[in-house]
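# Observations on the three-dimensional arrangement
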Amino acid sequence: MENNNIESKNFIEQYIDEDLEKGRFDHVATRFPPEPNGYLHIGHAKSILLNYGIAQKYNGTFNLRFDDTNPSKEDEEFVEAIKADVKWLGVDWEDRCFFASDYFDQMYEAAIKLIKKGKAYVCDLNAEEIRDYRGTLTEPGKNSPYRDRSVEENLELFEKMKNGEFADGEKVLRAKIDMSSPNINMRDPIIYRVAHMTHHNAGDKWCIYPMYDFAHPIEDAIEGISHSLCTLEFEDHRPLYEWVVNELEYDMPPRQIEFAKLYLTNVVTGKRYIKQLVEEGIVDGWDDPRLVSIAALRRRGYTPEAIRMFIELCGVSKANASVDYAMLEYCIREDLTLKKPRYMAVLDPVKLIIDNYPEDQVEWMDVSNNVKNEELGTRKVPFCKELYIEREDFMEEPPKKYFRLFPGNEVRLMNGYFVTCTDYKKDENGNVTEIHCTYDPETRSGSGFNARKVKGTIHWVSARHALQAEVRLYENIVDEEKGKLNEDGTLNLNPNSLTVLKNCYVEPALGEVEPEDKFQFMRNGFFCADMHDFSKDNLVFNRIVSLKSSFKLPK
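In this report, we go over the structure that sits alongside the text. (Residues numbered from 1 in each chain as written. Predicted model: local features only at pLDDT ≥ 70, side-chain atom pairs only at ≥ 80, totals over all residues. Heavy atoms only, no water.)

## Quick word on the overall build of the protein chain
Secondary structure summary: the protein chain contains twelve helices and 27 strands in total. Here the C-alpha atoms of the protein chain give a radius of gyration of 31 Å, more than 25% beyond the 24 Å that 2.2 N^0.38 yields for 555 residues. Looking at the protein chain as a whole, 51% of its 555 residues qualify as buried. The contacts of the protein chain with a sequence gap of at least 6 include a subset with a gap of at least 24, amounting to 70%. Here the protein chain has roughly 26,500 Å² of accessible surface; of this, 45% comes from carbon and sulfur atoms. For the protein chain, the distance from the average site of its 72 positive side-chain charges to the average site of its 98 negative ones is 4 Å. (Helix = DSSP H or I, 4+ residues; strand = E, 2+ residues; numbered from the N terminus. Rg over C-alpha atoms; globule rule 2.2 N^0.38 Å. Buried < 20%, exposed > 50% of the residue type's maximum accessible area, 1.4 Å probe, protein only. Contact = heavy atoms within 4.5 Å. Areas by Shrake-Rupley, 256 points an atom, 1.4 Å probe, with all protein chains shown as cover. Lys, Arg positive; Asp, Glu negative; His and termini not counted. Charge placed at Lys NZ, Arg CZ, Asp CG, Glu CD.)

Here is the structure:
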């Protein structure tokens, strides 16, 4: 009999099972190691959730650790932003938030140990000379003329480097491995450089800093990380990772495993590009909703649940591939459809006047908060003589199969009455300014009226009770048809990536929402109250996503 309950495991979990079974490790410990030189993006979410998920699955531990070995690019702002993003995704590092700079003393001692073993040396070649000596993919490198310095001389020079006696770039410490290695990363890589800079965490204590490829395996080993999960570009660096932990003789050296990055089609994730967009004022910060930084997705209105669903659908593989942005939009629709209330909002308003409706009468209509989820209950919405409707819901000369308002046609006002268009007015530019109609008092929604049917239903808000709002409609910041980059390497920007509608009208209930609250505007999409600019006196709503898409999950 076939067992359909067999758990399917990805290749990383299979490696971990094998390591535990063979006794290579007696625990599972993972980490997420961002460099605090920018905000995290959707690709980082995959790494965060993968590492955290593995730790949870194996009852292990998860560390958040900042790889802050490059003080020229790092900033405390980015540290705090990364913490906020990781926490928002639902990841708990408990009391295990660390910094590479916490281990600078141990890294220095590790470098001393390598020098004493004859496995590291101080080199006087400059950066260009080191590149020339390194060789190519088809030609071996050449030994540095300083490679055979004595242990004593290397110790003395390295001490002077630490004491600030050399200028930036004057000397470096290199690992002594193999200049003829087919892997260029193993051709005596630099492991320490001189950099007279103030560090955001260590201050001015150090004027030498370890290189990432040297620091990272040491950090993992010190923290007792069992499986160092990283993206595929580090596969060629794995021999160096293993060399470092083996030469330093750690009792239980961590294992590096690579997985494929998450690539979204036609989005900007490169920190260099985003920084340029921010500095040039094209976007209003790293969390501008047109970006796919985690902070931007949050401000746009995405939920942690939707991002987790998206990452799960993407899966874990060894081969790089691009994912359609529409899949991410599919996930937020799936998450919000049953959870959130539906309100009426008119984004491009034109006034509708019901000529035979009593002048001062106000009726409070019973409206379902979500017709697909009765548990969300109902609310009262005011209805009166003058309403606002969407401009696109009226046409003077409609085409065939247009079932909304036009002269002589009858439609239902959602949760209200049947109305028939009798007249309209236009300004000197030919724009419709008023639509006049009559209503049938017998047709109130919920009355059971079924004497006749109408094909069109339109939404509305009471002009007397409506609240004015600003609505921001977002599109991809790059031109999807032309591609992300121009021939000169600059971004090919979409001029219509942001449309701001200042004179929208929403029903009164939306004046009571809070920043980051999410909901559906009937027929217009899913929206949220902007986390920065929204207040009770300044209603600002961001469109998260439209209601419909042609996207379907692959089978």
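## Considering the pairing of strand β19 (residues 418–426)
With three bridges connecting them, strand β18 (residues 410–413) and β19 associate as antiparallel partners. Within β19, the residue paired with Val411 across the bridge is Val419. Connecting β18 to the antiparallel partner β19 that follows it, the hairpin turn spans four residues, and Asn415 within it adopts a positive phi of roughly 65°. As judged from the eight bridges shared by β19 and strand β20 (residues 432–440), these two strands associate in the antiparallel manner. Bridge pairing in β20 places Lys426 opposite Val432. (Pairing = 2+ DSSP bridges.)

## Thoughts on the side chain of Asp530
Structurally, the position occupied by Asp530 is in the loop between β26 (525–529) and β27 (540–545). There is a polar contact of 2.8 Å between the side chain of Asp530 and the backbone nitrogen of Asp533. At 2.8 Å, the side chain of Asp530 forms a polar contact with the side chain of Asn542. Look past the residues within four positions of Asp530 in its chain and what remains in contact with it is Arg299, Arg472, Pro515, Val540 and Asn542. (Polar contact = N/O pair within 3.5 Å; in protein donor to acceptor, adjacent residues only side chain to side chain.)

## What to know about the sheet that holds strand β6 (residues 190–194)
Taken together, four strands build an open sheet; the order of strands is β4-β5-β6-β7 and the sheet is antiparallel. The sheet terminates laterally at β4 (120–123) and β7 (208–210), the two strands that pair on one side only. Neighbour-to-neighbour, the strand axes of the sheet open up by a mean angle of 20°, direction not taken into account. By the bridge criterion, three bridges tie strand β5 (residues 172–175) to β6 in an arrangement that is antiparallel. Opposite Arg174, over in β6, you have Ile190 as the bridge partner. Sitting on the sheet, helix α6 (residues 151–162) is in contact with β4, β5, β6 and β7, with an inclination near 60° to β4. (Axes fitted to C-alpha atoms, helices over the stretch in contact; angles between N-to-C directions.)

## A word on the pairing of strand β24 (residues 498–506)
The pairing of strand β13 (residues 345–346) with β24 spans two bridges and is classified as antiparallel. Each residue of the ladder has a partner; that of Val346, found in β24, is Tyr505. Across seven bridges, the pairing between strand β23 (residues 467–474) and β24 is antiparallel. When the bridges of β24 are listed, Val471 appears paired with Leu501.

## Focus on the packing of aromatic side chains
For the structure shown, the criterion picks out 28 aromatic pairs. Between Tyr108 and Trp206, the ring centres sit 5.8 Å apart and the planes meet at 50°, which makes this aromatic pair tilted. Residue Tyr108 is found in helix α4 (residues 104–116), and its partner Trp206 is found in the loop between β6 and β7; the two are separated by 98 residues along the sequence. You can call Tyr108 buried: its relative accessible area is 7%. With a centroid separation of 4.3 Å and 20° between ring planes, the pair formed by Phe521 and Phe527 is classed as stacked. Exposure class is identical for Phe521 and Phe527. Each is buried. Members of the aromatic cluster, joined through ring pairs, are Phe104, Tyr108, Phe158, Tyr192, Trp206, Tyr209 and Phe214. Above the plane of the ring of Tyr133 lies Lys142, whose end atom (NZ or CZ) is 4.7 Å from the centre. The ring of Tyr273 is capped by Arg272, whose NZ or CZ atom sits 4.4 Å from the centre of that ring. (Phe/Tyr/Trp six-rings, centres within 6.5 Å; stacked < 30°, edge-to-face > 60°. Lys NZ or Arg CZ within 6 Å of the ring centre and 35° of its normal.)

## Overview of the packing of helix α2 (residues 42–57) against helix α11 (residues 304–314)
Packing of α2 against α11 leaves a shortest axis separation of 10 Å and a crossing angle of 80°. Taken together, the axis directions place α2 and α11 in an arrangement best described as roughly perpendicular. Packed against α2, whose contacting residues are Ile42, Ala45, Lys46 and Leu49, the element α11 presents Ile307, Arg308, Phe310 and Ile311 at the interface. In the contact of α2 with α11, the residues fall into six nonpolar, no polar and two charged. (Parallel < 35°, antiparallel > 145°, perpendicular 65-115°, else oblique. Nonpolar A, V, L, I, M, F, W, Y, C, P; charged D, E, K, R; others polar.)

## Observations regarding a negative patch on the surface
There is a patch of like negative charges on the surface, built from Asp324, Glu475, Glu480 and Glu481. As for its position among the elements, Glu480 is in the loop between β23 and β24. (Patch = residues over 30% accessible without salt bridge, like charges linked within 9 Å, V, L, I, M, F, W, Y side chains within 5 Å. Salt bridge = Lys/Arg side-chain N within 4 Å of Asp/Glu carboxyl O.)

## Some points on the pattern of salt bridges
On inspection of all chains with the given rule, the structure shows 47 salt bridges. Of the charged contacts, one joins Arg299 and Asp530 as a salt bridge, the two residues approaching to 2.9 Å between their closest N and O atoms. With Arg299 in helix α10 (residues 294–300) and Asp530 in the loop between β26 and β27, this pair connects stretches of sequence that are 231 residues apart. Accessibility expressed as a relative area gives 3% for Arg299, which makes it buried.

## Quick word on α2
For α2, built from 16 residues, the straight-helix expectation of 22 Å at 1.5 Å per residue is met to within 8% by its first-to-last C-alpha distance of 22 Å. Among the 16 residues that make up α2, 13 are buried, leaving the element largely enclosed by the rest of the structure. Two residues or fewer past α2, Asn59 is found with a positive phi of approximately 50°. (Expected span 1.5 Å × (residues − 1).)

## Observations concerning the environment of Ser549
Mapping Ser549 onto the fold places it in the segment after β27. Along the backbone, Ser549 and Tyr505 are 44 residues apart, and their C-alpha atoms lie at a distance of 26 Å.

## Remarks on the state of the cysteines
Taken as a whole, this structure holds zero disulfides when the rule is applied. Unpaired in terms of disulfides, Cys230 finds its nearest cysteine sulfur in Cys314, a separation of 19 Å. The exposure class assigned to Cys230 is buried, which follows from its relative accessible area of 10%. There is no disulfide at Cys504, and the cysteine sulfur nearest it, in Cys528, is 14 Å away. (Disulfide = S-S within 2.5 Å.)

## A closer look at the sheet that holds strand β21 (residues 457–458)
Reading across the sheet, the seven strands line up as β21-β18-β19-β20-β14-β17-β22 and stay open at both edges, with mixed pairing between neighbours. Every other strand in the sheet has two partners, leaving β21 and β22 (461–462) as the edge strands with one partner each. Looking at chain direction, β18 and β21 are connected through two bridges and run parallel. The residue of β21 that forms the bridge with Arg412 is Thr457.

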